Amino acid sequence: MADSHTEDSTQPELMEDGEPFLSNLDIFLFSLIAGLIIYWVMFRKKAEAIPEFKKAPAARESSFIEKMKKTGKNIVVFYGSQTGTGEEFANRLSKDAQRYGMKGMAADPEEYDMSELSRLKEIDNSLAIFCMATYGEGDPTDNAQDFYDWLQESDADLDGVNFTVSFSSCFFFIFVNDDGNLEEDFVSWREQFWPAVCEHFGVEATGEESRPFDSKNPFLSPVTVNRKLNKGGDRHLMHLELDITGSKIRYESGDHVAVYPTNDSNIVNKLGEVLGVDLDTVISLNNLDEESNKKHPFPCPTTYRTALTHYLDVTSCPRTNVLYELAQYASDPKDQENMRKMASSSPEGKALYQTWVLDSSRNILAILEDLPSLRPPIDHLCELLPRLQARYYSIASSSKVHPNSIHICAVVVEYQTKTGRTNKGVATNWLKNKVPTDNGHKATVPMYIRKSQFRLPFKSSNPVIMIGPGTGIAPFMGFIQERAWLKQQGKEVGETVMYFGCRHKNEDFLYQEELEAFEKEEVLTQLNVAFSRDQEKKVYVQHLLKNNKEEVWRQIHKDNAHIYICGDARNMARDVQTVFYEIAEELGGMTHTQAVDYIKKLMTKGRYSQDVWS
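Sequence order sets the numbering: in each chain, residues are counted from 1 along the sequence as written. Since the coordinates come from a predicted model, pLDDT governs what is reported: local features require at least 70, and pairs of side-chain atoms require 80 or more to be given and counted, while whole-chain, interface and lining totals use all residues. As a rule here, side-chain values come from all non-hydrogen atoms in the structure, and water together with hydrogens is ignored.

**Details of helix H15 (residues 474-488)**
Worth spelling out the cut-off: Numbering goes from the N terminus for both helices and strands, where a helix is a DSSP run of H or I of at least four residues and a strand is a run of E of at least two. The span you would expect from a helix comes to 1.5 Å times its residue count less one. Burial here depends on accessible area, computed with a 1.4 Å probe over protein chains only, as a share of the maximum for the residue type. Under 20% is buried, over 50% is exposed, and the range in between is partly exposed.
Helix length check: H15, at 15 residues, gives a terminal C-alpha distance of 22 Å against a target of 21 Å (1.5 Å per residue), a fit within 8%. A large share of H15 lies buried, amounting to 12 of its 15 residues. The set of residues buried in H15 consists of Ala 474, Pro 475, Phe 476, Met 477, Gly 478, Phe 479, Ile 480, Gln 481, Glu 482, Arg 483, Ala 484 and Leu 486. Two residues or fewer after H15 comes Gly 490, characterised by a positive phi angle close to 85°.

See below:
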């Protein structure tokens, strides 16, 4: 389970597993062997000059060697990046260098004269790394195209490039694609890569980790801001800011922040009352399965109260296997029969489970209250309940503007069930109560960063179309902040178009002042807002897209715009995608099949990205 803005449900971020022809380990070993061969060749053969670029750009900042000398850098990581993944990995590698007493810089090959690789030997203990992504059918990224052409046209290969490198310099190539779990592959490769570099240069790590916090070791972040975003209505939409000063945590616009909530003490206390147990009893649950890797279901020794508060999921609807195991403890034969029926595969049993448990949103406490004869031993219940999971939120800030804080935008989940109970979202209600105080006591949130592929285009001059109704606006606040920052740096920034939707303009127009200010400053080229309930006929973001179809088609088909969608997967994301099909059919002269294929190709090229949940 995960709480993603509006629902306590996991944001699906998994991609299909794919096996690349060469694994990262293969590439690592190949790189190491190539480096050793080069080292041997250097003592046998005089260095050859690297061929000149045939398409050398005239008006560019061309010398990365001079820049490295001026800034004291000895490692350069060149990246080929289309959606930002290669650039992100290059930045992380360049920052890793400081852990080994080195200094690194990430560099765009499009901005430098790559024939200067022959001069790398002028810098002692130098290292060049190439982090190259591909897209589509293995095509080079836009910023690596000139470098690729040069390699092709000059018949250059890795050996040819490396002949001019002295024994104190070395080249490593990484190839980035979207197969499998990219983050895990990169981390695994990096763990093998740096020890090899250390051995080559005879250095040791300084122990300064760049990402020390993860799911098993979250950072306890103080909450510095917690304010209500909406001006009216019966919902509570909130903006929180988490302080990460001094943590060395790094994030990028589009990443997710994971938070570990705790269960409502009222639910925990009621469970203790219903089961008739002293929740402060110290316990240690041992796994009787000798083949299991886990000795305990959660950290032990502990108390029932701690287990039910911090470790166990007590608010989700129990799965059928849990009902089957608990059925033996029902003293009423009818209750026992119904519980076993719900756990069966019969149509009648499935229908009963759907209506009595799922449709009625009964959690374990509601089931115990509605089945008075069911009183299982609390030890067995603790064994059966699933673990309480972290909740993920799209980060609503840019690290370029807010390097020491992470922003969250969320709606507090609270609703009436068919049984008349009030169910509350675990994480959002817990976050709602994390209010900063002046009494010296800091409200804190255990958190860590989950990397995402939801990235702004590598070229800031590319237009972006952002579609995010409700709290789906979260990542786009970070995107807009970053585009504003790029503009302030003198970069060429393309059209930045926002499609936002809410119920009423005067109630839940989230970040209205900020968005209108960005529009006034011309950071936002267009701000299109659908107020669904301000008129008799409901209007949603997909309707605004259809109204602007000519402009949308130009941006996508002619101007190479990148499309981003964040929010509800079940309805909004599907309806928006349908509109894009219709626009492609109408203005692109395509059949429906061709339009579907057209959008799929945009996805493959990283130009149609979704951060959605159901």
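**What about helix H21 (residues 592-604)?**
Definition in use: What the arc covers is the set of directions going from the helix axis to the C-beta atoms.
Helix length check: H21, at 13 residues, gives a terminal C-alpha distance of 18 Å against a target of 18 Å (1.5 Å per residue), a fit within 8%. All buried positions along H21 are accounted for by Ala 595, Val 596, Tyr 598, Ile 599 and Leu 602. The arc enclosing the buried residues of H21, seen along the axis, measures out at 155°, which places them on a common side. In the segment just after H21, Gly 606 is the residue with positive phi, at about 75°.

**Concerning unusual backbone geometry**
Following Cys 300, the chain continues into Pro 301 via a peptide bond in cis, with omega recorded as 0°. You can see Pro 301 is positioned in the loop between strand S9 (282-283) and strand S10 (302-303). Residue Lys 248 is not a glycine yet carries a positive backbone phi of 65°. On the secondary structure map, Lys 248 appears in the loop between strand S7 (237-243) and strand S8 (256-259). Positive phi, close to 50°, is recorded for Ser 361, a residue that is not glycine. Note on placement: Ser 361 falls in the loop between helix H11 (347-358) and helix H12 (364-370).

**A look at the confidence of the model for the protein**
As a reminder of what qualifies: By definition, pLDDT measures how confident the predictor is in each residue, and it falls between 0 and 100. Residues count as neighbours in contact if any of their non-hydrogen atoms are within 4.5 Å of one another.
Mean pLDDT for the protein: 84, with 81% of residues reaching 70 or above. When the criterion is pLDDT under 50, residues 1-22 qualifies, and its contacts beyond four places in sequence or with other chains add up to 71 contacts. With pLDDT under 50 throughout, residues 32-60 is counted as low confidence; its partners more than four residues away or in other chains account for 40 contacts.

**Comments concerning the sheet that holds strand S18 (residues 526-531)**
Backbone-to-backbone hydrogen bonds pair the strands of a sheet. The strands run either parallel or antiparallel. Applied cut-off: Any two strands are treated as partners once DSSP identifies two or more bridges connecting them. Between the N-to-C directions of two axes lies an angle of 0 to 180 degrees, each axis being a line fitted to C-alpha atoms and, for a helix, fitted only over the stretch in contact.
Here we have five strands laid out as an open sheet, ordered S18-S17-S16-S19-S20, and parallel in their pairing. On the outer flanks of this sheet lie S18 and strand S20 (608-613), each paired with one strand and no other. Taken pair by pair, the neighbouring strands of this sheet meet at an average axis angle of 10°, ignoring direction. Inspection of the sheet shows strand S16 (residues 464-467) paired to strand S17 (residues 496-502) by four bridges, in the parallel sense. If you follow Ile 465 over to S17, its bridge partner there is Val 497. Contacting S16, S17, S18 and strand S19 (562-568), helix H19 (residues 549-558) runs over the sheet at an angle of about 125° to S16.

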